[in-house]
Amino acid sequence: MRFTINLASQKYADARQFYLRWGGAVVALLLLTVFLGMKVRDSYLNARQSGRHIAELKEKIKIKEQQRAKAEAVLNQPENHDVRDQSSFWNDLFEQKSFSWTELFTDLEKIMPGRAFVASITPALTADHRLQLKMMVVGEKVEDGQELIKKMEKSERFRFPAIEGQSTLQAQGKGTPLTQFTISTFYTPANWIQPAPVAGKEGMP
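Small disclaimer: the values here were computed from a predicted structure and weren't measured. (Residues numbered from 1 in each chain as written. Predicted model: local features only at pLDDT ≥ 70, side-chain atom pairs only at ≥ 80, totals over all residues. Heavy atoms only, no water.)

Can you tell me about the packing of aromatic side chains, naming the residues and giving the values?
Throughout the structure, instances matching the rule amount to three aromatic pairs. With 5.2 Å between their ring centres and 40° between their planes, Phe158 and Tyr187 make a pair best called tilted. Of this pair, Phe158 sits in strand S3 (residues 158–169) while Tyr187 sits in strand S4 (residues 178–187), placing them 29 residues apart in sequence. The exposure class of Phe158 is buried, given its relative accessible area of 1%. Lying over the aromatic face of Phe186, Arg130 brings its terminal NZ or CZ to 3.8 Å of the ring centre. (Phe/Tyr/Trp six-rings, centres within 6.5 Å; stacked < 30°, edge-to-face > 60°. Helix = DSSP H or I, 4+ residues; strand = E, 2+ residues; numbered from the N terminus. Buried < 20%, exposed > 50% of the residue type's maximum accessible area, 1.4 Å probe, protein only. Lys NZ or Arg CZ within 6 Å of the ring centre and 35° of its normal.)

Tell me what's going on with the environment of Lys141, and back it up with residues and numbers.
Among the structural elements, Lys141 can be located in the loop between strand S2 (131–139) and helix H4 (143–154). Put simply, Lys141 and Leu178 are 37 residues apart on the chain and 6.9 Å apart in space, counted from C-alpha to C-alpha. Residues in contact with Lys141, not counting those within four places in the same chain, are Thr179 and Phe181. (Contact = heavy atoms within 4.5 Å.)

From the geometry alone we can't say anything about function, so treat these as descriptive.
Below you can see the structure in the form of structure tokens.
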């Protein structure tokens, strides 16, 4: 009879399987560490690039603010008040995005007497944000001015029209003299954004 006796002091372990299993885990962990390191590096580089871009934008904004301050200082000089007022007028109109020269001339065409025409128009924005027009209108007859005023009074676009002056224009050659009217009126475009009504000014646009 044979007996198998194990004289080893410790239990047998398969070292090859141990190294294969744990070696693979170590390699995977190492690859993960390298990958994370690359991501951290990329994030750091992107952060530096973004920081430089932000700094460049801040510098550009600073330069623009300085230029704006200089331009405002020039506009605030007494001799430039007219330019400043005109700039403010157009800025207000552009902000409201409701004023259209095409619309204005279309409205005038509907009420203009026969053979009369507009020579010039000067818009101005009043302190209470109403659009006031100063117009030079030329007609063949003195009655053309009164006819235009009556049609303006019936229009939804024009308010408080008035003839502020008139003069005679000598026609070239032997033509009939023309009459030039200076007309003032308030104008309300179709999409005009109206300010809150001011107390004591009922009936105004």
